[in-house]
Amino acid sequence: MVTKATEEDRNKNYEEALRLYEHSVEHFLHAIKYEAQGDRAKDSIRTKCMQYLDRAEKLKSYLAKSKKKPVKAGEDSSKSEDKKSDSGDSDTDSDPEKKKLQTKLEGAIVIEKPDVKWSDVAGLDGAKEALKEAVILPLRFPHLFTGKRIPWKGILLFGPPGTGKSYLAKALATEANNSTFFSVSSSDLVSKWLGESEKLVKNLFELARQHKPSIIFIDEVDSLCSSRSDNESESARRIKTEFLVQMQGVGTDNDGILVLGATNIPWVLDSAIRRRFEKRIYISLPEEPARVVMFKLHLGNTSHTLVDEDFKKLASMTEGYSGADISIIVRDALMQPVRQVQTATHFKKVRGPSPKDNSIIVDDLLTPCSPGDPAAIEMNWMEVPGDKLFEPPVTLKDMLKSLSTTRPTINEEDMSRLDKFKADFGQEG
């Protein structure tokens, strides 16, 4: 491949040569990591790699200069140049590569708000207060944050999976009306092209500075910022270095920018990254009062027969369950009336609101019943008209049945590691 690249270079087919040089460098880096044996072989490959990389950069700059905008018919080229210099184009316009990277990152901006309010998040009062302190208060009362009193620049949400870290970020995106919210993941920032990943990181922060006040939310931040080691690839190390520089490096101005990270495994984070997240908030498993609220929130306006005592009983039986686990229990319980309709062999007529219009009460709705019911009519669900089915309400029995088949997703080993990290570096959320 290198031979072909040099051949294309000699033939002045520079675009093809650049592409081949870049691919060759990728293969060399792969060889250094997985195939080369001994320091001498690795040093030899590195030397070649630097030579080809240097030539590729020269070709890239040459091609960028040669791609000038064509002059319109009848327009003098010198006038065109004067007009361009007078217009004061920004750096982004004059650098097509930078413009391409920023266009790619603009897809990470959350334009349509998720419509999740603080009240939709059960519990987690400490985490909500920290986010309000970092984002909402500086927007509403900027005069409070002057001099040495400055808002937080980095907040890390860590805890077991399914406890509401991403949901908190959605609430923040909704409540911070005047802020630009960037929701990014490793797929937005990692590229197969050599050197492009760290440029994406740099452009992400530049874009955030252009649209500030901004919030950069990185879900599963551990996938980008795990501890640096001798065995990792050069590209992964460069991404982490650029991330460190952009978060709190010399000459970076991050006023009006909050970096919000979320992770289930905070112990794998690099210590330098951990330091840059000034607030590290532990998002714990929900307490019993929060679990009561969660059962009610997930049931919503679905027809049910549960009373407050039933919700308290369910909350007491779900110790060690996360918010996501409770959501699964309720979703399964919501399907129990549907299964009841599918398996019923008899239906009876009842009075209730019409499925088409809840404000109208009708007398001829059909609902599943036992064969021994005096009003039972032998029929299956296929024989019931679509507008005549009365929705059976969700009962405590349905909830208990779903609870008996759903186990919590967090084990004791993960909890002990999270507790240790909280004791060493975190605070309660």
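An unreviewed UniProt entry annotates the protein chain as vesicle-fusing ATPase of Trichogramma brassicae. In its Subcellular location (unreviewed entry) section, the UniProt record describing the protein chain reads: "Late endosome membrane". Its UniProt record gives the protein chain a comment under Sequence similarities (unreviewed entry), which states: "Belongs to the AAA ATPase family."

## Details of the sheet that holds strand E7 (residues 361-369)
Here we have 3 strands laid out as an open sheet, ordered E7-E6-E8, and antiparallel in their pairing. Lying at the two open borders of the sheet, with one neighbouring strand each, are E7 and strand E8 (377-378). Sheet topology places strand E6 (residues 346-353) next to E7; 7 bridges connect them, and they run antiparallel. Paired with lysine 349 across the strands is leucine 366, a residue of E7.

## Topic: the side chain of serine 322
You can see serine 322 is positioned in the loop between helix H14 (308-316) and helix H15 (323-343). Other than its neighbours up to four places away in sequence, serine 322 contacts Pro161, Gly162, Thr163, Leu285, Pro286, Thr409 and Ile410.

## Regarding the packing of aromatic side chains
One pass over the structure, following the stated rule, counts 5 aromatic pairs. Aromatic side chains phenylalanine 158 and tyrosine 282 sit 5.4 Å apart centroid to centroid with 35° between the ring planes, which places their arrangement in the tilted category. With phenylalanine 158 in strand E1 (residues 154-158) and tyrosine 282 in strand E5 (residues 279-282), the pair connects residues that are 124 residues apart, well separated along the chain. Residue phenylalanine 158 is classed as buried on the basis of its relative accessible area of 0%. Through a chain of ring-to-ring contacts, three or more aromatic side chains come together here, namely Phe158, Tyr282, Phe421 and Phe425.

## Thoughts on the pattern of salt bridges
Using the criterion set out here, one finds 10 salt bridges in the structure. Between lysine 132 and glutamate 129 there is a salt bridge, with its nearest N and O atoms 3.7 Å apart. Taken together, the positions of lysine 132 and glutamate 129, both in helix H7 (residues 125-140) and 3 residues apart, correspond to about one turn of that helix. With a closest N to O distance of 3.0 Å, lysine 420 and aspartate 424 form a salt bridge.

## Some thoughts on the environment of serine 186
If you trace the backbone, serine 186 turns up in helix H9 (residues 186-189). Counting along the chain gives 34 residues from serine 186 to glutamate 220, while the straight-line C-alpha distance between them is 8.3 Å. Apart from the residues lying within four places of it in its own chain, the contact partners of serine 186 are Ser223 and Leu224.

## What about the confidence of the model for the protein chain?
Put simply, the protein chain has an average pLDDT of 79, and 83% of its residues get 70 or more. For the protein chain, per-element mean pLDDT is lowest for helix H4 (residues 77-87), which scores 43, and highest for H14, which scores 93. For the stretch residues 68-90, pLDDT sits under 50, and the model shows 5 contacts to residues farther than four places along the chain or on other chains.

What counts, and where the lines are drawn
- Residues numbered from 1 in each chain as written.
- Predicted model: local features only at pLDDT ≥ 70, side-chain atom pairs only at ≥ 80, totals over all residues.
- Heavy atoms only, no water.
- UniProt positions renumbered as here; feature names shortened; annotations may be inferred.
- Pairing = 2+ DSSP bridges.
- Helix = DSSP H or I, 4+ residues; strand = E, 2+ residues; numbered from the N terminus.
- Contact = heavy atoms within 4.5 Å.
- Phe/Tyr/Trp six-rings, centres within 6.5 Å; stacked < 30°, edge-to-face > 60°.
- Buried < 20%, exposed > 50% of the residue type's maximum accessible area, 1.4 Å probe, protein only.
- Salt bridge = Lys/Arg side-chain N within 4 Å of Asp/Glu carboxyl O.
- pLDDT = per-residue confidence, 0-100.

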